[in-house]
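Residue strings, one per chain:
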Amino acid sequence: MHDATRQRGWLGLVGLVLALVIVALLARTILKEYGLAGGSASAARHVSVPGAPDVEAAANVTPKNAVERARALQDEVRKQAADEEKRIDAATSAASK
């Protein structure tokens, strides 16, 4: 009976090590997906589609570059909103005449 208890202890330890290895592999994959690790998992499965934005360039975004891109996108959205507001105003003023 004493040997069975010792074996269960070793099996538990091996199970914990196996679980730790699985968690480490999943964490590494997730970090690569978010671009926080050295490699890029998304670049490995990159498929080029004509007319689509470049996925590799988007995957290689640095935090500073990301802020600049976000600000540029914000400016573009504001410009489009202003243009849309002008078109709506023009359409409503033409309809009221």
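Note that the structure is a prediction, hence the values are computed from the model and not measured. (Residues numbered from 1 in each chain as written. Predicted model: local features only at pLDDT ≥ 70, side-chain atom pairs only at ≥ 80, totals over all residues. Heavy atoms only, no water.)

Student: Whenever I open this one, the overall build of the protein confuses me. Can you help?
Tutor: What the protein contains, in helices and strands, is 4 helices and 0 strands. Within the protein, the proportion of its 97 residues that are buried is 2%. As displayed, the protein offers around 8600 Å² of accessible surface, 63% of which is attributable to carbon and sulfur atoms. (Helix = DSSP H or I, 4+ residues; strand = E, 2+ residues; numbered from the N terminus. Buried < 20%, exposed > 50% of the residue type's maximum accessible area, 1.4 Å probe, protein only. Areas by Shrake-Rupley, 256 points an atom, 1.4 Å probe, with all protein chains shown as cover.)

Student: Sorry, what's going on with the pattern of salt bridges here?
Tutor: For side chains of opposite charge, pairing can occur when their charged atoms come near one another. On inspection of all chains with the given rule, the structure shows 1 salt bridge. Glu84 serves as the salt-bridge partner of Arg87, at 2.3 Å between the closest nitrogen and oxygen. With Arg87 and Glu84 both in helix α4 (residues 63-96) and 3 residues apart, the pair spans about one turn of that helix. Taking relative accessible area as the criterion, Glu84 reaches 35% and is therefore assigned partly exposed. (Salt bridge = Lys/Arg side-chain N within 4 Å of Asp/Glu carboxyl O.)

Student: Teacher, can you tell me more about the confidence of the model for the protein here?
Tutor: Averaged over all residues, the pLDDT of the protein is 78; the fraction at 70 or higher stands at 67%. Mean pLDDT per element in the protein: helix α2 (residues 41-44) is the minimum at 49, and α4 is the maximum at 88. (pLDDT = per-residue confidence, 0-100.)

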